[in-house]
Amino acid sequence: MPHAGRWQVNEMKSVLVIGGGIAGIQSSLDLANRGYHIYLVEREPSIGGHMALLDKTFPTNDCSMCILAPKMNECNAHPNIDILSYSEVMDLSGNAGDFTARVQRKARYINEEKCTGCGDCTARCPSKVPNEYNGNLDKRKSIFLPYPQAVPRVMTIDREHCIYLTKGKCGNCKKVCNAGAVDYEQKDTFVDLNVAAVIVATGFDMFDPTHMQEYGYGKYANVITAMEYERMICASGPTGGHLETAPDKEHPGKIAFIQCVGSRDLQHNPYCCSVCCMHAIKESILAREHYEDIKPYIFYTDLRAVGKGFEEYAVRGEKEYGIKYIRGRPGQIIEDASTKKLTVWYDDTVNRKVKGLEVDMAVLCTSLIPAKGSDKLAAILDIELDEYGLYKSRDELTAPLDTRRPGVFIAGYCQSPKDIPESVAQGSGAAARATEVAGGAYI
Amino acid sequence: MTEFSPRIVAFCCNWCSYVGADLAGTSRLQYPDNIRIIKVMCSGQVFPSYILKALELGADGVMVAGCHIGDCHYVSGNKKAQERVETLLRVMKTLGLDPRRVRLEWISASEGVKFANTVKEFVEEVKELGPNQLGVRE
Amino acid sequence: MKQIIKRTKAYYCVECGKCSGSCPVARVNEGFSPRVIVERALSGMKGEIEGDRELWTCLTCEACTTKCPSTVKFSEFIRGMRSSAFNSGYTSRCSQGGLLHSIQRVQSYRDLVQNRLQWISDDLKTSTEGEVLYFTGCLPYFENLFSGFVNPLEIARSTVKILNKAGISPVVSPNERCCGHDLLWTGNVETFQKLARLNVEMIKESGASRIVTSCPECLRTLKLDYADFLEGTDIEIVHISEFISSLIKNNDIKLNRAGIMTYQDPCRLGRHMGIYDAPREVIKSMGELVEMNKNREESSCCGVSAWATCEGNSKQMQIERLIEAKSTGADMLVTSCPKCLIHLRCAVHNQIPVEKEKVDIPVVDLTVAACRALAGE
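Residues numbered from 1 in each chain as written. Chains lettered and ligands numbered in written order. Predicted model: local features only at pLDDT ≥ 70, side-chain atom pairs only at ≥ 80, totals over all residues. Heavy atoms only, no water.

Caption draft 1: Molecular detail of the overall build of chain C. Along chain C, the regular secondary structure elements total 19 helices and seven strands. Taken over C-alpha atoms, the radius of gyration comes to 20 Å for chain C, in line with the 21 Å a tight globule of 377 residues would show. In terms of principal-axis extent, the alpha carbons of chain C reach across some 60 × 50 × 35 Å. Every one of the 377 residues in chain C was classed for burial, and the buried ones make up 63%. (Helix = DSSP H or I, 4+ residues; strand = E, 2+ residues; numbered from the N terminus. Rg over C-alpha atoms; globule rule 2.2 N^0.38 Å. Buried < 20%, exposed > 50% of the residue type's maximum accessible area, 1.4 Å probe, protein only.)

In structure tokens:
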């Protein structure tokens, strides 16, 4: 040993990571590479989280899936990582160093060992439902892969919409599956995992702006959310990367991005979601890269560009990509019923004028809210929620990744609003914290 | 007990009735001094609320005097005055104020006598109506 | 002013501008911006705000207040600043030459004996004492002033008819005074308080435990602003639309089909009091409801508030609203506020700045329409 002092080497134990987004993936890889055994529990059919749904990431405009997919595959192939997808944690008992986690493995009616992800079943499935992975802009089948790069690459049958499971008819997928992987008799199962530490990285969900009547989401065809925009502009998305506006699917001439929809709003979420200023700039730049003549307008209250390279990104957006920044939170969007064009009414607080701007498309940069079920999970794990519904750190300043329960750590957006680089950093941080109770070398 | 001496406000238009009032003065015609004249350019300028405000502030009677119909310097100002006073009288009836406290007269510049007589009559009428209760502060 | 800022949480303002972006007045009047007024207040510019003509332009419609992300109570803030201006000697801007305000002030004199029950015809049953009181508001005075193009007292008659149909003989007091809403919102708090005290005396004398009113402004004032004066009593206050809606639900009355209707949400009934559904239920039971583009919380104010500012901007708002109503294709525009009715009808009473066909949709009061549609009449 290179250091003086006595070392104690304990047996390396297992760690449970709840949440397969970028923070959870990072924690898993960091720990697995050090020799720990990881159980990565993810409630969606695939790991990847929201980063898998983005087109590009700011401020470098790197392709999101191109960065994420290698990490996802590494998790899949890693000998020390067990991915439990389509699963949820139901109970956690025990103490730091010796927890027992009960995990419900939801039945996907597919034998994971046998399924090759070939897609023959999907082609023959007659049941179509709105595709939540494409912002509900297109349809998927009831037997599906969430996206082409899904990890694990196994199909899932949506039990609520599958015709066989709900009505006893069809059965096409089973007939065409060459691997014999379809198993309608599968049941939800429970496994008990013995782990030394738990890392919670459950991320966020999107705020639904339908009830904010002033913006007309859900009523006006050309008002969409930022996530829907991401899917539209993504080449592997429902429109193949084309921005389509009603009524004739032409691309928009003027596009308005409205910041802080549901954020910094005492009537909804008081906190700043921290990423929407930057992703609006990114989306504007992407719009210009797709269409030379598009004019983006960003309506902001404060332009929060605080990370490395962020301010330069914002300035580049204005100088090279023609973004017009307008300081003023819009009060109302009105649609012209015949042309479907929108008028955004706002107060230009810098020039002190109240104006209406006619645009072809309005993108609501909605708030990111605590992941659905956070309160339930917090009760299961016996950790606290803060006043926003995010998980509470043991000490915001000196122990942000610890919770009140020793051995349970948090990382990523579920701890506090943050972007991808910070989530990755916290993933690694939580991994380091977990080693305190999960074994390894101690002085 | 002192005898009740009404306080009357009169809105007189510049072109006819005010001149008529002047004429009454220069002709040395006697008329009670209970009247306070407010000159307006046209009787049509008198909003009903001015009349009501005068009553609110304690006037016992309000007179509006303008040119004869057809002679208004501004063509139809006095017609407006007529409509407005009619509206006000309806309001006063609903309010429970005696509409006899408001009087609309057409007095031309040469009718100094008419002016004096109108004022004398009006003051007598208002004396009989008694003091305006609104002016009594709670 | 510091008290007003504290009470209305104006110090939370982050100058985001959502208020001015929602304001229907700011869109037609360049000089008016809610955000700028708050900005001035936070900078301590009391005199400038009080002396500003635009202080009286605000419609207190609460389009901004319902949207403010910092929960600044802007309408209350304006009310407070107007009261402050009034105390500093500024008079409010008044439309109709200030006649309505005069009428309301006169009603604050205790010994006044009004003559306001002439509209009660023989077929209407009323009482001098009872459990239910019908608060008429200023309808008799509106009739005096505006009978050229609108029948405000028809609302009163319709209300009593419907109450009678439900087996209620309401108290209609000859000593009722204006609720004081307009004076309160134009800064004259002292006279408002006088009116409130007189009305509460009248209410207590009647023995009523329930008050029905056909005016949303009276509703708001009685329910919210009279709270201190009515303390200790347990009096229920409802708007006639809520009352009719519950009669329909209990199958106590039935309405015949009256046509396709669109509905103007009055500011005081909608945004101030949160009552959006009851009037809609009444409309749906007598026909189809077609919503305008801007409805419920997004509904556009009728352009005039508290008989303060009424000018070209008001007319523009009214014409735009009528165009919106006409373009729904409905047979009529229904509203449940006598003032919305008067202001919208007034807009097309004289000169109309657009083609008549764009705005010639009949404007009808909800209670009147319901009364006409009563089955078995």
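Moving on, there is more to tell.
Caption draft 2: Region of the structure containing the interface of chain A and chain C. On the chain C side, the residues contacting the 26 residues of chain A number 29 residues. For the pairing of chain A and chain C, the buried interface totals around 2,200 Å² over both sides, and the portion due to carbon and sulfur atoms is 44%. Where chain A touches chain C, the interface holds three salt bridges. Joining chain A to chain C, the criterion identifies 18 residue pairs in polar contact (both at pLDDT 80 or more). At the level of secondary structure, the elements contributing two or more residues to the side of chain A that touches chain C comprise strand E20 (332–335), strand E21 (342–348) and strand E22 (353–359) of chain A. For the side of chain A that touches chain C, the per-class residue count stands at nine nonpolar, seven polar and 10 charged. (Contact = heavy atoms within 4.5 Å. Buried area = accessible area lost by both parts, 1.4 Å probe. Salt bridge = Lys/Arg side-chain N within 4 Å of Asp/Glu carboxyl O. Polar contact = N/O pair within 3.5 Å; in protein donor to acceptor, adjacent residues only side chain to side chain. Nonpolar A, V, L, I, M, F, W, Y, C, P; charged D, E, K, R; others polar.)

Caption draft 3: Up close: helix H4 (residues 34–42) of chain C. Along H4 of chain C, the residues that are buried comprise Pro 34, Arg 35, Val 36, Ile 37, Val 38 and Ala 41 of chain C. Residue Gly 44 of chain C follows H4 of chain C closely and has a positive phi angle near 80°.

Caption draft 4: View of the sheet that holds strand E6 (residues 332–335) of chain C. Residue and element names in this part refer to chain C. If you walk across this open sheet you meet the four strands as E5-E4-E6-E7, and the pairing is parallel. Every interior strand has two partners, whereas the edge strands, strand E5 (287–289) and strand E7 (363–365), have only one. Direction aside, the axes of adjacent strands within the sheet are offset by 40° on average. Sitting on the sheet, helix H15 (residues 277–284) touches strand E4 (259–264), E5 and E6, and the angle it makes with E5 is about 140°. (Pairing = 2+ DSSP bridges. Axes fitted to C-alpha atoms, helices over the stretch in contact; angles between N-to-C directions.)

Caption draft 5: Here's a closer look at the confidence of the model for chain A. Mean pLDDT over chain A: 91, with 96% of residues reaching 70 or higher. Confidence, expressed as mean pLDDT per element, reaches its minimum in chain A at strand E1 (residues 8–10) of chain A with 59 and its maximum at strand E25 (residues 408–410) of chain A with 96. (pLDDT = per-residue confidence, 0-100.)

Caption draft 6: Quick peek at the environment of Ser 241 of chain C. Residue and element names in this part refer to chain C. When you line up the elements, Ser 241 lands in helix H13 (residues 240–249). A relative accessible area of 0% places Ser 241 in the buried class. Taking the C-alpha atoms as reference, Ser 241 lies 26 Å from Phe 192; in sequence the two are 49 residues apart. In this structure, Ser 241 is in contact with Leu 269, Ala 278, Pro 279, Val 282 and Leu 366, ignoring residues within four places of it in sequence. Side chain to side chain, Ser 241 and His 239 meet in a polar contact 2.8 Å long.

Caption draft 7: Looking closely at the arrangement of the chains. Between all two pairs of chains that are in contact, chains A and C come out with the most contacts. The two partners chain A and chain B share no contact, and the minimum distance between any of their C-alpha atoms is 35 Å.

Caption draft 8: Representation of the packing of aromatic side chains within the structure. Applying the stated rule across the entire model yields 22 aromatic pairs over all chains. Here a set of aromatic residues connected by ring pairs shows up, and it is made of Phe 142, Phe 146, Phe 149 and Trp 307 of chain C. Of note, Arg 140 of chain A hangs over the ring of Phe 144 of chain A, and the distance from its end group to the ring centre comes to 4.0 Å. (Phe/Tyr/Trp six-rings, centres within 6.5 Å; stacked < 30°, edge-to-face > 60°. Lys NZ or Arg CZ within 6 Å of the ring centre and 35° of its normal.)

Caption draft 9: Molecular detail of the state of the cysteines. Per the counting criterion, the structure on display carries one disulfide over all chains. Put simply, Cys 63 of chain A and Cys 66 of chain A are joined by a disulfide, and their sulfur atoms are 2.3 Å apart. The S-S bond linking Cys 63 of chain A to Cys 66 of chain A shows a torsion near 80°; that makes this disulfide right-handed. By relative accessible area, which is 27% here, Cys 63 of chain A ends up partly exposed. Take Cys 61 of chain C: it sits in no disulfide, and the sulfur closest to it among the cysteines is that of Cys 267 of chain C, at 4.8 Å. (Disulfide = S-S within 2.5 Å.)

Caption draft 10: Region of the structure containing the nonpolar core. Of all hydrophobic cores here, the largest spans 114 residues; its most connected members are Ile 51, Leu 52 and Leu 95 of chain B together with Ile 103, Phe 146, Leu 255 and Met 286 of chain C. Looking at which element gives the most residues to this core, the answer is helix H9 (residues 152–165) of chain C, with six residues. Mapping this core onto the domain boundaries places at least three of its residues in each of domain 2 (100–109 + 116–245) and domain 3 (254–372) of chain C. Sequence-distant contacts of Met 286 of chain C, defined by excluding residues within four places in its chain, comprise Leu 255, Asn 256, Arg 257, Ala 258, Gly 259, Met 261, Leu 366, Ala 369, Ala 370 and Ala 373 of chain C. Core analysis: the next-biggest nonpolar cluster, separate from the first, contains 55 residues, Ile 47, Tyr 109, Cys 121 and Ala 430 of chain A among them. (Core = buried A, V, L, I, M, F, W, Y, C linked by side-chain atoms within 4.5 Å. Domains from an automatic or database assignment.)

Caption draft 11: The interface of chain B and chain C, seen in detail. Contact with chain B, which involves 19 residues of that partner, is made by 21 residues of chain C. Around 1,700 Å² of area is buried between chain B and chain C when both sides are counted, 62% of it from carbon and sulfur atoms. Summed over the shared surface of chain B and chain C, the number is one salt bridge. Between chain B and chain C we count six residue pairs in polar contact (both at pLDDT 80 or more) in total. Among the elements of the structure, helix H2 (48–56) and helix H3 (77–95) of chain B are those that each provide at least two residues to the side of chain B that touches chain C. The element contributing the most residues to the side of chain B that touches chain C is H3 of chain B, with seven residues. The class makeup of the residues in the side of chain B that touches chain C is nine nonpolar, four polar and six charged.

Caption draft 12: The domain arrangement of chain C, seen in detail. Residues and elements named next belong to chain C. By the assigned domains, chain C splits into domain 1 (2–87), domain 2 (100–109 + 116–245) and domain 3 (254–372). Taking only C-alpha atoms into account, the centre of domain 2 sits 22 Å from that of domain 3. Taken together, the contact between domain 2 and domain 3 spans 33 residues of the former and 29 residues of the latter. Between domain 2 and domain 3 the total buried area reaches about 2,700 Å² when both faces are included, carbon and sulfur atoms providing 76% of it. Area buried by domain 2 at its contact with domain 3 is led by Phe 149, Ile 155 and Pro 216, which between them contribute 21% of it. On inspection of domain 2 and its partner domain 3, the count reaches four salt bridges. Where Arg 268 meets Glu 217, a salt bridge forms, and the shortest distance between an N and an O atom there is 3.9 Å. For the interface between domain 2 and domain 3, the tally reads nine residue pairs in polar contact (both at pLDDT 80 or more). Broken down by secondary-structure element, the contributors of at least two residues to the side of domain 2 that touches domain 3 are helix H7 (99–106), helix H8 (139–146), H9, helix H10 (181–185), helix H12 (216–225) and H13. Of the residues assigned to the side of domain 2 that touches domain 3, the class counts are 15 nonpolar, 11 polar and seven charged.

Caption draft 13: Seen up close, the pattern of salt bridges. What the rule picks out here adds up to 50 salt bridges over all chains. Between Asp 182 of chain C and Lys 339 of chain C there is a salt bridge, and its shortest N-O distance comes to 2.6 Å. With Asp 182 of chain C in helix H10 and Lys 339 of chain C in helix H17 (residues 338–347), this residue pair connects regions lying 157 residues apart in the sequence. On the basis of relative accessible area, Lys 339 of chain C is assigned to the buried category, the value being 5%. Arg 280 of chain C is the partner of Glu 291 of chain C in a salt bridge, and the nearest nitrogen-oxygen pair spans 2.7 Å. Here Glu 291 of chain C, found in the loop between E5 and helix H16 (312–326), pairs with Arg 280 of chain C, found in helix H15; they are 11 residues apart in sequence, far enough to count as distant. Here Glu 291 of chain C falls in the partly exposed class, since its relative accessible area comes to 31%. Residue classification places Arg 280 of chain C among the buried positions, given a relative accessible area of 2%. What you see here is one network of salt bridges that share partners, running through Asp 347 and Arg 352 of chain A together with Glu 15, Arg 35 and Glu 39 of chain C.

Caption draft 14: Geometry of the domain arrangement of chain A. Residue and element names in this part refer to chain A. When its domains are assigned, chain A resolves into domain 1 (7–106 + 189–203 + 371–442), domain 2 (120–176) and domain 3 (207–368). A separation of 28 Å is found between the C-alpha centroids of domain 1 and domain 2. Counting residues at the interface gives 16 residues for domain 1, matched by 11 residues for domain 2. The three residues of domain 1 that bury the most area against domain 2 are Pro 45, Ser 46 and Leu 53, which together make up 38% of that side's buried surface. At the boundary of domain 1 and domain 2, one finds five residue pairs in polar contact (both at pLDDT 80 or more). Of all the elements in the fold, those that place two or more residues in the side of domain 1 that touches domain 2 are helix H2 (64–77) and strand E6 (81–85). Per-element accounting of the side of domain 1 that touches domain 2 gives the leading share, four residues, to H2.

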